[in-house]
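# Observations on chain architecture
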Amino acid sequence: FKRGVTYSDTGFYAPTFRFNSLSVFDVMGMSIFSLLDNKFMIAILASKTCKYFIKNFINHSVHTQVDGLKPIPTIVQVNAKVVSLIEKIINHQKQNPRYDYMSNEQKEIDKMVYDMYGLNKDDIREVETWYARRYPKLARFCDIS
């Protein structure tokens, strides 16, 4: 048993990433085991940038199979500030499972991920605009100016 990241592979918002629970997995137990910090991995994988990569260049459907995550360009330099923001989200969600991290820490994380991937202003606008179109119920969390 090893700590890692698990994710749902099917659905409109898939992949949705979570920490695994050190349990036995069956047929649909999609998991990622990495040498990188799991909190950092979730921050990168759940970012708007990564969703954009997955849905536009890797797999255009509501399914995200194991091979669908392998081509994602990986950042190997762990950013302590990103990990700290994930820890804040975890602590807030322990107190309130419906905590609105999308209006708070997630915005900061997405900005840092844009920087880590070297996205310029036009690239960022493309990701934010795409995200608002793809997930209209989440469009209010997009920074489109």
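Scroll up for the structure.
So, here is what we can say about the structure in this document. Residue positions are given per chain, counting from 1 as you read along its sequence in written order. Note on the predicted model: pLDDT of at least 70 is required for a residue's local features to be given, and 80 or more for side-chain atom pairs to be given and counted; whole-chain, interface and lining totals, by contrast, use all residues. As a rule here, side-chain values come from all non-hydrogen atoms in the structure, and water together with hydrogens is ignored.

### Examining the pairing of strand β1 (residues 5–8)
Strand direction decides the pairing type here: β1 and strand β2 (residues 16–19), joined by four bridges, are antiparallel. Bridged to Val-5 within β2 is Phe-19. If DSSP finds at least two bridges between two strands, the strands pair. Counting from the N terminus, the helices are DSSP H or I runs at least four residues long and the strands are E runs at least two residues long.

### Side note on the packing of helix α1 (residues 38–45) against helix α3 (residues 80–95)
Axis definition: a line fitted to C-alpha atoms, limited for helices to the stretch in contact. Angles are taken between N-to-C directions and run from 0 to 180 degrees. Interhelical geometry of α1 versus α3 gives an angle of 90 degrees and a closest axis separation of 9 Å. Here α1 is positioned roughly perpendicular relative to α3, judged by the angle of their axes. In this structure, α1 contributes Lys-39, Phe-40 and Ala-43 to the contact, and α3 contributes Val-82, Val-83, Ile-86, Glu-87 and Ile-90. For the contact of α1 with α3, a count of residues per class yields six nonpolar, no polar and two charged. When describing relative orientation, an angle under 35 degrees is termed roughly parallel and one over 145 degrees roughly antiparallel, while 65 to 115 degrees is termed roughly perpendicular and anything else oblique. In this analysis, two residues are considered to be in contact whenever any of their non-hydrogen atoms come within 4.5 Å of each other. Residues are grouped as follows: nonpolar covers Ala, Val, Leu, Ile, Met, Phe, Trp, Tyr, Cys and Pro; charged covers Asp, Glu, Lys and Arg; every other residue, Gly included, is treated as polar.

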